[in-house]
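Structure assessment
Chain residues, written in single-letter form:
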Amino acid sequence: MAAVTVTNLVKTYPSGNRRATDDISLDVADGEFVVLVGPSGCGKTTLLRMVAGLETPDSGTVSIGGRDVTRLPARERGLSMVFQSYAIFPHLKVRQNIGFGLTMQKVGKAEWNTRVERAAELLDLTDYLDRHPAQLSGGQRQRVAVARAIAVDADVLLMDEPLSNLDALLRLQFRAELKKIVARLGTTTLYVTHDQAEAMSLGDRVAVMRDGRIAQIGAPMDVYDHPGERFVGGFLGAPPMNFFTATVHHGNLVVDDQSVPAPASLAAWNDKKVLAGIRAENITITPITQDRAQEGVEAEVEVAEPTGSAILLTVRWAGGELKVQTGPGVRVAPGDRLRLDLPAAALRFYDPETGLALA
Amino acid sequence: MRQTRPALLLIAPSIVFMAALFLWPLIAGVTQAFHGPDGATTQYVRRMADDPYFWEALRNTALLIVVLIPLQFALAIVMALLMRERPRFAGLHFYIWVVPLAISDLAAGLVWLSIFTDRGYLNSVLDGLGIPTYSWLSFEHPQTMFLAVVVAELWRATSLVFVIVIAGLQGVPRDYDEAASVFGATYWQRVRHVILPQLRPSLQVALILRTILALEAFAVAQALTGRNFPLLVGETYQWYYQLQNPNVATAIALVVLALSIVAAVGYLRLMRP
């Protein structure tokens, strides 16, 4: 087991005109599971590959277990990896594939067998050990790739979008299984994905990346609840966070003729525009009544999408379009007018220029 | 049944082609080798076997294959692995290494003759350096004669293997190299455990092709040594043109055919995964 420390990593690809990773620093504690998530081209895979030793950084250092490995080839870094394409060897049987790392390390026969069988058992591959990869389904190949990675008992486990080639149902099943296995092994894990749900569900910490930088890193629910910038709120969550521009005016957020109470912390922004964000599930809807004291803003339903466990509404109000998540029992139809409650405690505020969270 | 007619129509041209250019000559060849003026005969085969040149040609051809092919494969694989490392000017290297493919064997033989012959380039260089010259291609020096043929054939025919291996290597995804190195494989372990096993089909094709072509080696040796270093196909030429005996020539050609079939089937069986 070992911690991974990445310091000021810079990498520019010869063909690219901007930095793939731009001065990234990251600490992964011993035994921690950190997920790098971000849209394609954000540098997450490049960062992982530099930790693996498959790319050489222009500057900066990578250390594993306190040892500077920046200039070491991949094979001397004591890590293992699951590839997006699986990269299991077609000419070797499942058994030899799982034991590949052990064969390279010239592990003795008895131990080789024990460790291969243990890894196979952990991934339900015992019945397939004597097959060739071509005789396996995609999901089983994926399991072989994971079994090969854990058979070597490496200090650090790297995973590059390991679930992205599985169909949705299998991905969901295997996600939970993967989490269980990694938790049981306690290996330090760095995991790359573009799927925000996967990132949320797997990581002890999630690092949301954008344009070669880490936009925000933290426990999944912290990052989800308190996005440090507009981009993070818009990337994490399905549906993503709602944003609208409002003017702060005497303790209220004003949009056209509508207003909701603003928290006291916005006092400094009086008469200025702010970007407000709110999660779909934090908005509650009520029918419009004649009660003058009724809180909230008026909106009209444009689309209602039942998802089984909830109904996702797309509504339009003075501030634009909002996604609202309601319970499955609510009866609404397009064209209905509603009152939306935007609780002050659930509102997050951002600088409309920079997109960064307001203190 | 409805499918048969259009299918037949579609393959008819190639059936006609194969029949006219392969099947018919084969039948004609067998007839010529085993049919004399008085009906079926083995006299041509016996005549072939009684000729000491035949056995020498058989031995030389075998020797050439045994020495040449391992060397060619080793060279071609090393060259292809070097190309895989994407060196600078890779395109230029590839082009230069493939040039011999485009040169006819006879032309290649003549080029090497101008190098190895008594007053050739090699001896001129040696002379210029004050080293005594040597009759490389003299029948008194069978070793250097053989060496000259090997070198010339190596230059001429390695590029074929190289091209096939390169094509095969391109089918081995780089992910495999990366996975192998992450799991602790050194370069040689990667070559041995990952790259070579996946090259097996390409190597098999190259081996069959090269063996058959080496059985047919002729022009280079002919240009360099004449009949001093006889090869099987050279002997068919001798019998056909010099000795005006097409029957014996065909008998030798059938030996080459039989050896080619044995080699191809043997490789396919041996290299079955």
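Criteria and cut-off values
- Residues numbered from 1 in each chain as written.
- Chains lettered and ligands numbered in written order.
- Predicted model: local features only at pLDDT ≥ 70, side-chain atom pairs only at ≥ 80, totals over all residues.
- Heavy atoms only, no water.
- UniProt positions renumbered as here; feature names shortened; annotations may be inferred.
- Helix = DSSP H or I, 4+ residues; strand = E, 2+ residues; numbered from the N terminus.
- Patch = residues over 30% accessible without salt bridge, like charges linked within 9 Å, V, L, I, M, F, W, Y side chains within 5 Å.
- Areas by Shrake-Rupley, 256 points an atom, 1.4 Å probe, with all protein chains shown as cover.
- Salt bridge = Lys/Arg side-chain N within 4 Å of Asp/Glu carboxyl O.
- Buried < 20%, exposed > 50% of the residue type's maximum accessible area, 1.4 Å probe, protein only.
- Core = buried A, V, L, I, M, F, W, Y, C linked by side-chain atoms within 4.5 Å.
- Contact = heavy atoms within 4.5 Å.
- Axes fitted to C-alpha atoms, helices over the stretch in contact; angles between N-to-C directions.
- Left-handed = near helix turned anticlockwise from the far one by under 90°.
- Nonpolar A, V, L, I, M, F, W, Y, C, P; charged D, E, K, R; others polar.
- Pairing = 2+ DSSP bridges.
- Buried area = accessible area lost by both parts, 1.4 Å probe.
- Polar contact = N/O pair within 3.5 Å; in protein donor to acceptor, adjacent residues only side chain to side chain.

Topic: the UniProt feature "domain: ABC transporter" (unreviewed entry) in chain A
The positions UniProt marks with the feature "domain: ABC transporter" (unreviewed entry) are residues 4-236 of chain A. Regarding residues 4-236 of chain A, the helix share stands at 36% and the strand share at 24%, and the terminal C-alpha atoms are separated by 25 Å.

Topic: a nonpolar patch on the surface
All names here are of chain B. A contiguous nonpolar patch, built from Leu23, Trp24, Leu26, Ile27, Val30, Phe34, Leu257, Ile261 and Val265 and spanning about 810 Å² of accessible area, is present on the exposed surface. If you list the elements that add at least two residues to the nonpolar patch, you get helix 1 (4-34) and helix 12 (246-270). The dominant element in the nonpolar patch, judged by the number of residues it contributes, is helix 1, at six residues. Position of Leu23 relative to the elements: it lies in helix 1. Residue Leu23 is classed as partly exposed on the basis of its relative accessible area of 48%.

So, the nonpolar core
The biggest cluster of nonpolar side chains holds 89 residues, and the ones touching the most others in it are Ile98(A), Phe100(A), Leu158(A), Leu190(A) and Val208(A). Here this core takes seven residues from helix 5 (residues 138-151) of chain A, the largest share from any one element. Excluding residues within four positions of it along the chain, Phe100(A) makes contact with Phe89(A), Leu92(A), Arg148(A), Ala180(B), Phe183(B), Ala185(B), His193(B) and Val194(B).

Notes on the packing of helix 7 (residues 142-170) of chain B against helix 9 (residues 187-215) of chain B
Residue and element names in this part refer to chain B. Running from amino to carboxyl end, helix 7 crosses helix 9 at an angle of 145°, the nearest separation of the two axes being 9 Å. Where helix 7 crosses over helix 9, the two elements pack in a sense that is right-handed. Counted together, Glu153, Arg156, Ala157, Leu160, Val161, Ile164, Val165, Gly168 and Leu169 of helix 7 and Ile195, Leu199, Ser202, Leu203, Val205, Ala206, Leu209, Arg210 and Leu213 of helix 9 form the full contact between these two elements. Residues that form the contact of helix 7 with helix 9 fall into these classes: 13 nonpolar, two polar and three charged.

Here we look at the sheet that holds strand 2 (residues 21-28) of chain A
Residues and elements named next belong to chain A. With respect to topology, four strands assemble into an open sheet ordered 2-1-4-5, the strand pairing being antiparallel. Across the chains shown, the open sheet's two edge strands, defined by having one partner strand only, are strand 2 and strand 5 (67-68). Taken together, the five bridges between strand 1 (residues 4-11) and strand 4 (residues 59-64) define a ladder with antiparallel strand orientation. Directly across from Thr7, in strand 4, lies its bridge partner Thr61. Contacts from helix 1 (residues 44-52) reach strand 1, strand 2 and strand 4, with the element oriented near 120° to strand 1.

Quick notes on the sheet that holds strand 12 (residues 252-255) of chain A
What holds strands together in a sheet is hydrogen bonding between their backbones, with the strands either parallel or antiparallel. All names here are of chain A. Taken in spatial order, the five strands line up as 13-12-11-14-20 in an open sheet, and their pairing is antiparallel. Each edge of the open sheet carries a strand with a single partner, namely strand 13 (258-261) and strand 20 (348-350). Taking the axes of each pair of neighbouring strands and ignoring which way they run, one obtains an average angle of 40° across the sheet. Pairing of strand 11 (residues 242-249) with strand 12 involves three bridges; the strand directions are antiparallel. Of the residues in strand 12, the one forming a bridge with Val248 is Leu253.

Comments concerning the interface of chain A and chain B
Across the contact, 21 residues belong to chain A and 16 residues belong to chain B. Together chain A and chain B conceal approximately 1,700 Å² of surface at their shared face, both sides included; 69% is due to carbon and sulfur atoms. Sorting the residues of chain A by area buried against chain B places Arg75(A), His91(A) and Met104(A) first, and these three jointly supply 34% of that buried surface. Between chain A and chain B we count one salt bridge in total. On the surface where chain A and chain B come into contact, there are five residue pairs in polar contact (both at pLDDT 80 or more). The set of elements that each furnish at least two residues to the side of chain A that touches chain B consists of strand 6 (79-82), helix 3 (100-104) and helix 5 of chain A. Among the residues forming the side of chain A that touches chain B, the class breakdown is 13 nonpolar, four polar and four charged.

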